[in-house]
Amino acid sequence: MPDIRPTVGSSALVLNATYEPLCVVSVRRATILVLTSKAECVSDGDGILHSAHHTLPVPSVVRLTRYVKVPYRTHVGLSRRAIFARDGGRCAYCRGSAETIDHVFPRSRGGLHAWENVVAACAKCNHSKGDKTPAELGWRLHAAPAAPRGVAWRVLGHRTPDPRWADWLDLPKPVGAEAA
Ligand SMILES: [Zn+2]
């Protein structure tokens, strides 16, 4: 195994032989795939990798030389990071900066801890909402919460995508673009 010490701690997108996005790996792992001819570099990242015997650009997107069959993971795990990523870090009620997770139908009243019942919320809204429902307060949700879907979520999860991957992933608009 070559001794690869990437100068940047970034990650690389792996495409199947069919160019379908598969997963995200470390730059080190992507480099090893390229050096062992298991993948080819599709898009270069920033910088050059140096090892005893090799000098090559840091890979940003690599494509496997042989097709691999992967079982689809359709379920996105419910985590604080994933909820914040889905909601763009905004409060579901006032669209301010979110710091907490709120159960739309309160857990104390039997509300489920599920994608359809959790939203990112600011501390102020979460506190004043207490154990009431939005309807009881006359509040409106910006959007009905739902489990995230799509290739970008399957591949990225809560990771922040490298802009160079946009050609390969159906990326949602960056936060801030909608404000204009
Ligand atoms: Zn709020």
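The structure we're discussing is the one just above.
In this text the structure is predicted, and so the values were computed from the model without any measurement. (Residues numbered from 1 in each chain as written. Predicted model: local features only at pLDDT ≥ 70, side-chain atom pairs only at ≥ 80, totals over all residues. Heavy atoms only, no water.)

**Overview of the pattern of salt bridges**
- Tallying each qualifying case throughout the model produces six salt bridges.
- The closest approach of N and O atoms between Asp-102 and Lys-129, which form a salt bridge, is 3.0 Å. Taken together, the residues Asp-102 in strand S5 (residues 100–103) and Lys-129 in helix H3 (residues 123–129) connect sequence positions 27 residues apart. One exposure class covers both Asp-102 and Lys-129, and it is buried. (Salt bridge = Lys/Arg side-chain N within 4 Å of Asp/Glu carboxyl O. Helix = DSSP H or I, 4+ residues; strand = E, 2+ residues; numbered from the N terminus. Buried < 20%, exposed > 50% of the residue type's maximum accessible area, 1.4 Å probe, protein only.)

**Brief notes about helix H1 (residues 27–35)**
- Every buried residue of H1 is accounted for by Val-27, Ala-30, Thr-31, Ile-32 and Leu-33.
- Buried-residue contacts for H1 involve strand S1 (11–15), strand S2 (21–26), strand S3 (39–50) and strand S4 (55–64).
- Count one or two residues on from H1 and you reach Ser-37, which has phi positive near 60°. (Contact = heavy atoms within 4.5 Å.)

**Describing the coordination of the zinc ion**
- The zinc ion binds to the protein through Cys-91 (SG), Cys-94 (SG), Cys-122 (SG) and Cys-125 (SG), with metal-donor distances spanning 2.3 Å.
- Metal-centred angles of 100 to 116° between the four donor atoms at the zinc ion mark the site as tetrahedral.
- A relative accessible area of 0% means that Cys-91 is categorised as buried.
- Classification of Cys-94 as partly exposed rests on a relative accessible area of 43%. (Donors = N, O, S within 2.8 Å, 3.2 Å for Na, K, Ca; no water. Tetrahedral: all angles 85-135°; square planar, octahedral: opposite > 155°, others 65-115°.)

**Some remarks on unusual backbone geometry**
- One non-glycine residue, Ser-37, adopts positive backbone phi at about 60°.
- As for its placement among the helices and strands, Ser-37 is situated in the loop between H1 and S3.
- The phi dihedral of Arg-95 is positive, around 65°, even though this residue is not glycine.
- Positionally, Arg-95 belongs in the loop between helix H2 (80–86) and S5.
- For Arg-95, a relative accessible area of 25% translates into the label partly exposed.

**Thoughts on the side chain of Asp-87**
- With respect to the secondary-structure elements, Asp-87 resides in the loop between H2 and S5.
- Overall, Asp-87 belongs to the buried group, its relative accessible area being 18%.

**Looking at the sheet that holds S2**
- Here we have four strands laid out as an open sheet, ordered S2-S1-S4-S3, and mixed in their pairing. Single-partner strands in this sheet number two, and they are S2 and S3. Going from strand to strand, the sheet's axes swing by 30° on average, the running direction of each strand aside.
- When S1 meets S2, the two strands line up antiparallel, connected through five bridges. (Pairing = 2+ DSSP bridges. Axes fitted to C-alpha atoms, helices over the stretch in contact; angles between N-to-C directions.)

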